[in-house]
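Each chain, written out:
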Amino acid sequence: MEPEVVEAEMVLPTHMWFKKMQTYDKYPKGQARVRWKQLKQIIPAENYQNYPHEEPNYVNIETPPSMHPCRRICDITGYEAPYVDPRTKLRYANAEVFKMIRSLPNDYVQRYLALRNAAVVLR
């Protein structure tokens, strides 16, 4: 005997959930994409001059100073610097950088310190 064959219409979804949706499917013709506004565009549009000064917003928000100590960064490489050269007061991360700091002319040392706002007149 033959098994009965039942005809059924198979309903398929418009897209498979595991496939990426194409942008032309997501945004059909004539429909604009959502554009994010930047802070420079938000501030004039919100008209913050009319808000009370006590109400917090993007313009007048204030935070207390951090309770954590500032991170010490190597003046040459940008890595964390656990060491400070006692002669030049530059921070360094390892022995290779220390050798380079000791070979720097005094003028370059002053420039590195000025970048960190720690300019000291060296003798």
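Residues numbered from 1 in each chain as written. Predicted model: local features only at pLDDT ≥ 70, side-chain atom pairs only at ≥ 80, totals over all residues. Heavy atoms only, no water.

What counts is decided by this rule: UniProt positions are given in the numbering used here, feature names are shortened, and annotations may be inferred rather than shown by experiment.
As annotated in an unreviewed UniProt entry, the chain carries the name INO80 complex subunit C and is attributed to Salvia divinorum. Quoted verbatim from the Subcellular location (unreviewed entry) heading of the UniProt record, the comment on the chain is "Nucleus".

### Observations regarding the pattern of salt bridges
For the record, the criterion: Whenever a carboxyl oxygen of Asp or Glu lies within 4 Å of a side-chain nitrogen of Lys or Arg, that contact is scored as a salt bridge. Remark: exposure states derive from per-residue accessible area (1.4 Å probe, protein chains only) relative to the maximum for the residue type, with buried under 20%, exposed over 50%, and partly exposed in between. Strands here are runs of E lasting at least two residues and helices are runs of H or I lasting at least four, both read from the DSSP assignment and numbered beginning at the N terminus.
Inspection of the entire model under this criterion finds four salt bridges. R71 is the salt-bridge partner of E80, the closest N and O atoms lying 3.1 Å from each other. With respect to burial, E80 and R71 carry one shared label: exposed. Note that D85 and R102 form a salt bridge whose closest N and O atoms lie 2.7 Å from each other. With D85 in the loop between strand 1 (83-84) and strand 2 (91-92) and R102 in helix 3 (residues 95-103), the pair connects residues that are 17 residues apart, well separated along the chain. Look at D85 and you get buried, because its relative accessible area is 0%. Under the relative-accessibility criterion, R102 is labelled partly exposed at 33%.

### Considering the side chain of D75
Test applied: Identification of polar contacts relies on pairs of N or O atoms within 3.5 Å, with a donor-acceptor requirement for protein atoms, meaning one able to donate a hydrogen and the other able to accept it, and with residues adjacent in sequence counted only if both atoms are side-chain atoms. Should any heavy atoms of two residues lie within 4.5 Å, those residues are considered in contact.
Its location among the elements puts D75 in the loop between helix 2 (39-46) and strand 1. Among the polar contacts listed, one links the side chain of D75 to the backbone nitrogen of R91, at a separation of 2.9 Å. Those residues in contact with D75, other than ones at most four positions away along the chain, are L90, R91, Y112 and R116.

### Focus on the environment of L104
Turning to its location among the elements, L104 is positioned in the loop between helix 3 and helix 4 (106-115). Between the alpha carbons of L104 and T88 there is a distance of 9.8 Å; along the sequence they are 16 residues apart. Beyond its immediate sequence surroundings of up to four residues, L104 is in contact with I76, L90, V109 and Y112.

### Some thoughts on the packing of aromatic side chains
Put simply, the rule reads: Planes of paired rings set the category: under 30 degrees apart is stacked, over 60 is edge-to-face and the rest tilted, where pairs are Phe, Tyr or Trp rings (Trp by its six-membered ring) whose centres lie within 6.5 Å.
Overall, the coordinates contain two aromatic pairs when judged by the stated rule. Ring centres of Y83 and Y92 lie 5.4 Å apart, and the angle between their planes is 25°; on these two criteria the pair is classed as stacked. Y83 sits in the partly exposed class, given a relative accessible area of 44%. On the basis of an interplanar angle of 40° and a centroid distance of 4.9 Å, the ring pair of Y92 and F98 is categorised as tilted. Residue Y92 is classed as buried on the basis of its relative accessible area, which comes to 13%.

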